[in-house]
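# Architecture at a glance
Residue-level listing of the chains:
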Amino acid sequence: MRKRILTGDRPTGRLHLGHYVGSLKSRVALQDEYEEFILVADVQALTTHFENPELIHDSIYQVAIDNLSSGLDPEKVTFVQQSMVGAIAELTIFYSMLVTVNQLSHNPTIKTEAKNYGYKEMTYGFLGYPVSQTADITFCNADLVPVGDDQVPHIEMARKIVRKFNELYGTSITEPDYKLSSVGRLCGLDGNAKMGKSLGNAVYLSDPEDVINQKVRAAVTDTNRISVKIPGNPDICTVFKYHKAFNEGESGNICSMCRNAAIGCVACKKLLAKALNDMLDPIREKRAYYEAHMDEVKDILASGTRKANEIGGRNIAEIKEKMHVSL
């Protein structure tokens, strides 16, 4: 049997190029090798957007469309709406009995996220995010979770929770491992170290051609290069980082021309805009199809969630029997 992967997104808006580089591209590549579950984590989205449930509801379908448009095949992967899987909620409660507040408050990722959101006090749900995530991963006994460096502490905590749970109750929940992304975080075109919706510097997969052109024109380059005649330094140029990520075949030549003052920033940006639009064209085409067939998107989510409930229901029944909390 193929190993099972669980990954997903919080539906707090449409997905951007950072998501594509960091996760979507690898999901597409892995869908033939693994049994893949794509979790639309609407409950986890409430940890930071509880005052805007309408955004989360609308984004559930937009996030699903972004994944489908990027090349995920609904015949090969299972799309799951988190809030509709009872086993996840039950496991979250059971696991929370084994984790101390002190453990959660010292989780480096939680501390960083709380600082980023400006939280002086954390809600129970926000603090317990790693516990909820453990339930997400284990309701279907996922073997692997693709993550970036910042998510490794969550997976390490998940492994500890599962290990302790199995030792206590004699259960056989799979202890998950992580698959570390080989791609670094994509910076914003504004030069910010991170691309993010809340930062206002995101380039969305759904952006039309003219919007892509506009955003690329405004991108930060080598600020020391005040004239086309002055050689540039691609090592400190945001635009060149995007060339390496999305125009790899031409990036070497562009780097050489920049260092030798054989190309200006305006021309370089035009090349990048073309490369991005060429890459996004088939994604836009698929998005247009799914936007015109929303019933199909809803069916994909509904059927995947039914499958998840069947798997989770069997697993939670066995777990509760081992815990002596079943009838």
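As a reminder, the structure under discussion sits directly above these lines.
Here's what I pulled together on the structure shown here. Position numbers for residues start from 1 in each chain and track the written sequence from start to end. The model is predicted, so local features are restricted to residues of pLDDT at least 70 and side-chain atom pairs to those at 80 or more, both for listing and for counting; the totals for chains, interfaces and linings are taken over all residues. The side-chain values count all of the structure's non-hydrogen atoms but skip hydrogen atoms and water molecules.

## Digging into unusual backbone geometry
Working note: non-glycine residues mostly have negative phi, and peptide bonds are mostly trans. Of note in the backbone geometry, asparagine 141 takes a positive phi value of approximately 55 degrees without being a glycine. In DSSP terms, a helix is any run of H or I states spanning at least four residues, a strand is any run of E spanning at least two, and both are numbered starting from the N terminus. On the secondary structure map, asparagine 141 appears in the loop between helix 8 (129-138) and strand 4 (144-147). Three exposure classes are used, based on accessible area relative to the maximum for each residue type with a 1.4 Å probe and protein chains only: buried under 20%, partly exposed in between, and exposed over 50%. Its relative accessible area of 21% is what places asparagine 141 among the partly exposed residues. One non-glycine residue, histidine 324, lies in positive phi territory at about 65 degrees. Structurally, the position occupied by histidine 324 is in the segment after helix 14 (294-323).

## Regarding the nonpolar core
Ranked by internal contacts, the top residues of the largest apolar core, which has 39 residues, are Tyr95, Phe139 and Phe165. In terms of residue count, the dominant contributor to this core is helix 9 (residues 152-169) (6 residues). For phenylalanine 139, the residues in contact, after removing those within four places along its chain, are Leu6, Phe37, Val85, Ala87, Ile88, Leu91, Ala308, Ile311, Gly312 and Asn315. We define the nonpolar core as a collection of buried residues of types Ala, Val, Leu, Ile, Met, Phe, Trp, Tyr and Cys that are connected through side-chain atoms lying within 4.5 Å of one another. Residues Met195, Ala202, Val216 and Ala273 belong to the second largest nonpolar core, which totals 32 residues. Whether two residues are in contact is decided by their heavy atoms: any pair within 4.5 Å suffices.

## Considerations on the pairing of strand 1 (residues 4-9)
A large share of strand 1 lies buried, amounting to 5 of its 6 residues. Pairing analysis gives 6 bridges linking strand 1 to strand 2 (residues 35-40), with the strands arranged parallel. Within strand 2, the position partnered with leucine 6 by the bridge is phenylalanine 37. Crossover handedness is defined here as right-handed if the route from the first strand over the helix to the second strand goes clockwise, with the strands pointing away from the viewer. In this fold, strand 1 hands off to helix 1 (residues 17-30), which returns the chain to strand 2; that crossover is right-handed. A pair of strands is considered paired only if DSSP assigns at least 2 bridges between the two.

## Thoughts on the packing of helix 10 (residues 209-217) against helix 13 (residues 265-291)
Here an angle of 0 to 180 degrees is reported between the N-to-C directions of two axes, which are lines fitted to C-alpha atoms, with helices fitted over the stretch in contact. Packing of helix 10 against helix 13 brings their axes to within 9 Å, and their N-to-C directions diverge by 150 degrees. Relative to helix 13, the element helix 10 lies roughly antiparallel. In terms of crossing hand, the pair formed by helix 10 and helix 13 is right-handed. Within the contact between the two elements, helix 10 uses Glu209, Ile212, Asn213, Val216 and Arg217 and helix 13 uses Lys269, Leu272, Ala273, Leu276, Asn277, Leu280 and Arg284. In these notes the angle categories are as follows: under 35 degrees is roughly parallel, over 145 is roughly antiparallel, 65 to 115 is roughly perpendicular, and the rest is oblique. Note on convention: near helix rotated counterclockwise from far helix by under a right angle means a left-handed crossing. Clockwise means right-handed.

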